[in-house]
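One letter stands for each residue in the lines below.
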Amino acid sequence: ITFRMIRNKKKGTPIPTLKGLQKELKGFDEKELEPLYEKYGKTKINTDIRQKFGKVSRYNIEYTKSVKMIEHYTELRDKYEKKIKDIEKSYLSMVKYIKPKITLNRPTKSYPFWRGKVWWGVSVKKFGKKSGWKRFHIVSDKKVKKLNLSEEQIRQMGREKFVKDMVDKDLILKSV
């Protein structure tokens, strides 16, 4: 390897460069690669070999990394699944005391459904559920007219739907 100094034209300082650096493959039999060198050229074959080995090596690294991540997250899922099962009974016993005050949104021409909203929050500072209005669909206006429901009955349907949706969202194990 020989070094040659070139001056940086803007700053006038020398910049070291490498000259004559050969990118040779180590561990390959040159005699067996000779027919390929003659047919396609030495640089093309060397580049292809480097790229293929590099890709295989990179894919192997990514594969082993993903296997480790899967194992890690499977352990976490199992850990929290057990915790959810432990607390599920007490959670469901608390749910029966939930009686949210439903604010009804009447149907409009463009949206013919009864909707409800509840101010909901059981958070302590940054943890738990975020406080705020929770909006949800209750029932279609067509069904209300068909069943001849009053506003109080629609509110009751909204309470039941709100609690059911909350339990379904919180207790993920019911869907598994």
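Residues numbered from 1 in each chain as written. Predicted model: local features only at pLDDT ≥ 70, side-chain atom pairs only at ≥ 80, totals over all residues. Heavy atoms only, no water.

(A) Here's a closer look at the overall build of the chain. A tally of helices and strands in the chain yields four helices and five strands. Secondary structure of the chain in N-to-C order comes out as β-β-α-α-β-β-β-α-α. A total accessible area of about 15,000 Å² is found for the chain, and carbon and sulfur atoms account for 58% of it. (Helix = DSSP H or I, 4+ residues; strand = E, 2+ residues; numbered from the N terminus. Areas by Shrake-Rupley, 256 points an atom, 1.4 Å probe, with all protein chains shown as cover.)

(B) Main features of the pattern of salt bridges. The final tally for this structure, using the stated rule, is ten salt bridges. Asp141 is paired through a salt bridge with Lys145; the nearest N and O atoms lie 3.4 Å apart. Taken together, the positions of Asp141 and Lys145, both in helix H3 (residues 141-147) and four residues apart, correspond to about one turn of that helix. The class of Asp141 is buried, set by a relative accessible area of 17%. What you see here is one network of salt bridges that share partners, running through Arg58, Glu62 and Lys65. (Salt bridge = Lys/Arg side-chain N within 4 Å of Asp/Glu carboxyl O. Buried < 20%, exposed > 50% of the residue type's maximum accessible area, 1.4 Å probe, protein only.)

(C) Examining the packing of aromatic side chains more closely. The full count for this structure, using the stated rule, is four aromatic pairs. Each ring, one from Tyr111 and one from Phe113, has its centre 5.0 Å from the other, and the planes form 65°; the classification is edge-to-face. Judged by its relative accessible area of 33%, Tyr111 is partly exposed. Of the residues examined, Phe113 reaches a relative accessible area of 28% and is grouped as partly exposed. For the pair Phe136 and Phe162, a centre-to-centre distance of 5.7 Å together with 40° between the ring planes defines the contact as tilted. Pair noted here: Phe136 is in strand S5 (residues 132-140) and Phe162 is in helix H4 (residues 151-170), with a separation of 26 residues, a long-range link. Residues Phe136 and Phe162 agree in their burial class; the two are buried. In textbook terms, an aromatic cluster arises when at least three aromatic residues are bridged by ring pairs, as seen for Trp120, Phe136 and Phe162. (Phe/Tyr/Trp six-rings, centres within 6.5 Å; stacked < 30°, edge-to-face > 60°.)

(D) Representation of the pairing of strand S4 (residues 113-120) in the model. Two elements, strand S3 (residues 103-105) and S4, share three bridges in a ladder whose sense is antiparallel. Each bridged residue has a counterpart across the sheet, and for Leu104 the counterpart in S4 is Gly116. Bridge analysis of S4 against S5 gives eight bridges, and the strand direction is antiparallel. When the sheet's bridge partners are listed, Phe113 is paired in S5 with Ser140. (Pairing = 2+ DSSP bridges.)

(E) Up close: the confidence of the model for the chain. Across the chain, the average pLDDT comes to 80, with 77% of residues at or above 70. Within the chain, no element has a lower average pLDDT than strand S1 (residues 2-7), which sits at 50, and none a higher one than H3, at 92. (pLDDT = per-residue confidence, 0-100.)

(F) Here's a closer look at the side chain of Arg159. For Arg159, the position within the fold is in helix H4. Glu152 is the oppositely charged side chain nearest to the buried, salt-bridge-free Arg159, at an N-O distance of 4.0 Å. One polar contact links Arg159 to Gln156, side chain to side chain, over a distance of 3.1 Å. If we skip the residues at most four places from it in the chain, Arg159 touches Pro100, Ile102 and Glu152. (Lys, Arg positive; Asp, Glu negative; His and termini not counted. Polar contact = N/O pair within 3.5 Å; in protein donor to acceptor, adjacent residues only side chain to side chain. Contact = heavy atoms within 4.5 Å.)

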